[in-house]
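Spelled out from the first residue to the last, the chains are:
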Amino acid sequence: MSDSNIQLFNNSQGIQAEAMNFNFTNISSATELDPLRELKAHIAAGAIHDSAERCDAPKCAPETRVAVQDDLYDWIVDGDGDHEKPKKIKWVTGPAGCGKTAIMGSLSERCEAAGILGATFFFSSWSGPVSRRRKTAFVTTIAHQLAKYHPKLREGISQAINENSDVFDKALRTQMEILILQPLRKIPPNEPGLRGAIVIDGVDECEAEQYHDPTAFGPGSRSLQPRTKEQDQLEILQVVEMAAAHPSFPFRILLASRPERVFREFFEPATPTLFARKLDLHEEYNADDDITLFLEAQFSRIRRRYNLRDSWVPPETIRALVVNASGQFIYAATVVRVFDAGGRDPPEALIKAILEVKTTRKPTSNPLEALDMLYSHILSSSPDPLLSVRWIRSINIFRQSPHMMPVRCTISLMNMLLQTDPESSEAEHLLGPLRSLIRIPAPRDQATNSYQFYHKSLLDFLEDASRCGSLYIQKEEPYGFIWDRFNLACANLLSLLFWIPSCVPFPSGTCSMRPTPAGAVCALGIVASQPAEFGADPFYVDCSR
């Protein structure tokens with residue numbers, strides 16, 4: 001080592017200096033943000049088919065819906081024999097409860113096992129995270145999965161994000177162009193491994209994204225109409241069509257929704273299009289055999305659990321239930337959950353009660369009449385059916401309106417807000433008998449979990465006066481119910497925590513020790529901390545504010 005190398009140690013004693021090499025790393029480049037990590041920050045992770053949020057999502061029971069899954073899988077692999085001008089989008093439709101989501105979920109797993117699943121997105125209007133209910137994260141979530149699907153797409157999408165750092169603030173159409181189509185153009189045609197399926201489910205459940213305040217007015221401004229969910233749903237359809245129309249796009253897209261007007265008009269145009277022939281689950285596939293298999297398997301499981309006789313639920317009973325289902329798997333699934341809910345009635349009494357639920361059986365009646373009657377029957381098992389409906393509608397409002405509650409809407413928090421008495425068991429009293437409709441975790445898990453509805457058709461039923469009859473409440477009523485219960489919760493909190501030392505003087509007229517009407521609690525401007533036993537300071541009230 002030269003003298004210049006060791007001059008730092010000139011005045012040091014007892015040090016032996018050996019030759020040392022120093023390697024300097026550009027720290028800024030080493031910590032530079034990974035573009036794919038930035039992409040991941042803008043996705044709806046819960047919308048991916050195998051996400052933790054979808055761990056309880058419906059799947060096809062073994063040996064059921066085999067024909068429809070085979071047909072869809074064959075279309076993904078071989079198309080319709082349209083090799084010169086392939087039609088890359090297929091619409092899967094059918095009414096509520098016919099099993100669309102279960103089929104799309106099971107098909108996604110099958111495609112993944114075969115190595116041909118490019119990406120998935122499962123919309124859900126009753127999902128906790130807003131990202132599954134809005135369009136905002138749709139393209140980014142698809143791009144995130146495609147980047148993992150093929151190495152050249154990964155490279156191209158990374159480059160696209162580096163060159164367009166503001167892409168996450170762009171419209172869906174621009175995001176599709178930058179994040180997916182531009183990287184695809186750079187890949188040679190017929191690239192090995194670059195084909196497969198993109199599965200999109202529940203687009204009819206996508207809610208509207210609002211960008212402006214329609215109530216805001218200014219000089220010379222014009223009224224802004226709030227954006228509708230149909231506009232956002234159409235935007236998603238148009239972006240999907242734009243991608244499929246591009247020659248470099250190698251994927252086939254399966255898109256499932258109910259047959260709402262915006263989808264019918266989009267997928268059933270007068271002129272030939274990029275769309276393959278639609279698949280209507282209700283019209284093209286007789287689900288009776290599959291529902292029979294499902295009920296037989298589930299009743300065998302229940303028979304073993306309760307050690308029931310072999311003749312329990314004879315074939316004629318299953319046939320009657322299949323007739324009632326009218327092709328709707330949700331009816332059969334709800335019947336089974338009645339037994340799984342573990343009510344007080346024995347299985348023999350439960351099956352008898354279900355069979356005694358009568359329908360009109362008129363040719364012009366509601367096609368979901370049997371399901372509606374089953375929902376009415378289950379709700380009537382609550383000690384106060386109408387109050388339980390208010391709870392259900394209120395829970396749904398909180399789940400769909402995160403701005404109403406700045407923290408996660410857990411069961412414990414919901415119960416605290418909606419119960420008349422914080423020490424009561426009103427929630428269990430009302431909702432406990434409805435476990436075949438609502439997923440309610442064990443008490444030990446309620447501080448970290450939310451109420452979950454098994455199927456959106458329950459909410460559709462309760463929001464339609466022609467279907468739910470005497471159980472119908474006006475759209476505005478749950479908001480009033482929430483407000484009244486919130487004020488009552490505030491009053492209960494004050495009654496538990498209100499403590500003022502007698503030595504503290506209050507200026508005349510600034511504080512009233514009389515009971516405060518529940519409707520005025522929030523208007524007092526009172527600020528309260530948690531009680532001391534929860535680790536907070538003693539309760540303090542400033543009534544002069």
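Fair warning: this is a prediction, and the values are worked out from it, not measured in the lab.

A. Region of interest: the pairing of strand β2 (residues 117–122). Most of β2 sits inside the fold, with 6 of its 6 residues counted as buried. Summarising the sheet, β2 and strand β3 (residues 196–201) pair through 5 bridges and their orientation is parallel. The residue bridging Phe122 from the neighbouring strand is Asp201, located in β3.

B. Representation of the pattern of salt bridges. Taken as a whole and assessed by the stated rule, the structure comprises 28 salt bridges. Linking Glu348 and Arg309 is a salt bridge whose minimum nitrogen-to-oxygen distance equals 3.9 Å. You can see Glu348 sitting in helix α15 (residues 347–355) and its partner Arg309 sitting in the loop between α12 (288–306) and α13 (315–325), a full 39 residues away along the chain. One salt bridge in this structure joins Lys456 and Asp460, with 2.9 Å as the shortest N-O distance. Residue Lys456 and its partner Asp460 are both found in helix α20 (residues 456–462); the two are separated by 4 residues, about one turn of the helix. According to the relative accessible area criterion, Lys456 is buried, its value standing at 18%. Residues joined by salt bridges that share partners form a network here, namely Arg133, Arg134, Glu207 and Glu209.

C. Layout of the sheet that holds strand β5 (residues 279–280). Taken in spatial order, the 5 strands line up as β2-β3-β4-β1-β5 in an open sheet, and their pairing is parallel. The open sheet has two edge strands with one neighbour each: β2 and β5. As judged from the 5 bridges shared by strand β1 (residues 89–93) and strand β4 (residues 251–257), these two strands associate in the parallel manner. Note on β4: the bridge partner recorded for Ile89 is Ile253.

D. Quick look at empty space enclosed by the protein. In this structure the tally under the stated criterion is 3 cavities of 30 Å³ or more. By volume, the largest cavity is sized at about 70 Å³. Lining the largest cavity we find Phe138, Ile142, Leu146, Met176, Ile180, Ile198, Ile200, Val240, Ala243, Phe249 and Ile253. Residue assignment for the lining of the largest cavity shows that the elements contributing at least two residues are α6 (138–149), α8 (172–185), β3 and α9 (229–245). The element best represented in the lining of the largest cavity is α6, accounting for 3 residues. Classifying every residue of the lining of the largest cavity gives 11 nonpolar, no polar and no charged.

E. Molecular detail of unusual backbone geometry. Its identity as a non-glycine residue notwithstanding, Arg65 has a phi of 55 degrees, on the positive side. Mapped onto the fold, Arg65 is located in the loop between α3 (35–40) and α4 (66–78). Owing to a relative accessible area of 5%, Arg65 belongs among the buried residues under this scheme. The phi torsion at Ser326 lies on the positive side, around 50 degrees, for a residue other than glycine.

F. Examining the confidence of the model for the protein more closely. Across the protein, the average pLDDT comes to 81, with 76% of residues at or above 70. Across residues 1–6, where pLDDT falls below 50, the model places 6 contacts with residues more than four positions away in sequence or in other chains. Below pLDDT 50 for its whole length, residues 24–32 participates in 0 contacts with residues either more than four positions away or in separate chains.

G. The pairing of β3, seen in detail. Counted residue by residue, β3 has 6 buried out of 6 residues, so it is predominantly covered. The pairing of β3 with β4 spans 6 bridges and is parallel. What sits directly across from Asp201, in β4, is Ala256.

H. Quick look at α6. For α6, with 12 residues, the first-to-last C-alpha span of 17 Å sits near the 16 Å given by 1.5 Å per residue. Counting buried positions along α6 yields 11 of 12 residues, so the element is predominantly enclosed. Residues of α6 that are buried: Phe138, Val139, Thr140, Thr141, Ile142, Ala143, His144, Gln145, Leu146, Ala147 and Tyr149.

I. The arrangement of the packing of aromatic side chains in detail. Counted by the stated rule, this structure contains 15 aromatic pairs. With a centroid separation of 5.6 Å and 70 degrees between ring planes, the pair formed by Phe249 and Phe251 is classed as edge-to-face. We classify Phe249 as buried; its relative accessible area is 4%. Exposure remark for Phe251: the relative accessible area of 0% places this residue in the buried category. On the numbers, 5.2 Å between centres and 90 degrees between planes, the contact of Phe266 with Phe267 is edge-to-face. Positioned above the aromatic ring of Phe122, the side-chain terminus of Arg54 is 3.9 Å from the ring centre. Of note, Arg337 hangs over the ring of Tyr454, and the distance from its end group to the ring centre comes to 4.0 Å.

J. Seen up close, the packing of α6 against α8. For the pair α6 and α8, interaxial distance at closest approach is 9 Å and the crossing angle is 10 degrees. Judged by the inter-axis angle, α6 sits roughly parallel to α8. Mapping the contact onto sequence places Val139, Thr140, Ile142, Ala143 and Leu146 in α6 and Leu172, Gln175, Met176, Leu179 and Ile180 in α8. Grouping the amino acids of the contact of α6 with α8 by side-chain chemistry returns 8 nonpolar, 2 polar and no charged.

K. Broad picture of the packing of α4 against helix α5 (residues 100–113). Put simply, α4 and α5 touch, their axes get as near as 10 Å, and they point 50 degrees apart. One element, α4, and the other, α5, form an angle in the oblique class. The chirality of how α4 crosses α5 is right-handed. Across from Val68, Gln69, Asp70, Leu72, Tyr73 and Ile76 in α4, the residues of α5 making contact are Ile103, Ser106, Leu107, Arg110 and Cys111. For the contact of α4 with α5, the residue count by class is 7 nonpolar, 2 polar and 2 charged.

L. Spotlight on the nonpolar core. Residues Leu295, Phe299, Trp391, Leu431 and Tyr451 are the most contacted members of the largest nonpolar core, which totals 63 residues. The leading source of residues in this core is helix α14 (residues 329–340), at 8 residues. If near-sequence neighbours (up to four positions away) are discounted, Leu431 is found in contact with Ser388, Trp391, Ile392, Ile395, Ile438, Ile440 and Tyr451. Judged by nonpolar contacts, the second largest core, of 52 residues, contains Phe168, Leu179, Met242 and Ala243.

Conventions we followed
Residues numbered from 1 in each chain as written. Predicted model: local features only at pLDDT ≥ 70, side-chain atom pairs only at ≥ 80, totals over all residues. Heavy atoms only, no water. Buried < 20%, exposed > 50% of the residue type's maximum accessible area, 1.4 Å probe, protein only. Helix = DSSP H or I, 4+ residues; strand = E, 2+ residues; numbered from the N terminus. Pairing = 2+ DSSP bridges. Salt bridge = Lys/Arg side-chain N within 4 Å of Asp/Glu carboxyl O. 1 Å grid on protein atoms, 1.4 Å probe; cavity = no way out; pocket = protein on both sides within 12 Å on 5 of 7 lines; lining within 4 Å. Points joined across faces, edges and corners; volume = space filled by probe spheres on them. Nonpolar A, V, L, I, M, F, W, Y, C, P; charged D, E, K, R; others polar. pLDDT = per-residue confidence, 0-100. Contact = heavy atoms within 4.5 Å. Expected span 1.5 Å × (residues − 1). Phe/Tyr/Trp six-rings, centres within 6.5 Å; stacked < 30°, edge-to-face > 60°. Lys NZ or Arg CZ within 6 Å of the ring centre and 35° of its normal. Axes fitted to C-alpha atoms, helices over the stretch in contact; angles between N-to-C directions. Parallel < 35°, antiparallel > 145°, perpendicular 65-115°, else oblique. Left-handed = near helix turned anticlockwise from the far one by under 90°. Core = buried A, V, L, I, M, F, W, Y, C linked by side-chain atoms within 4.5 Å.

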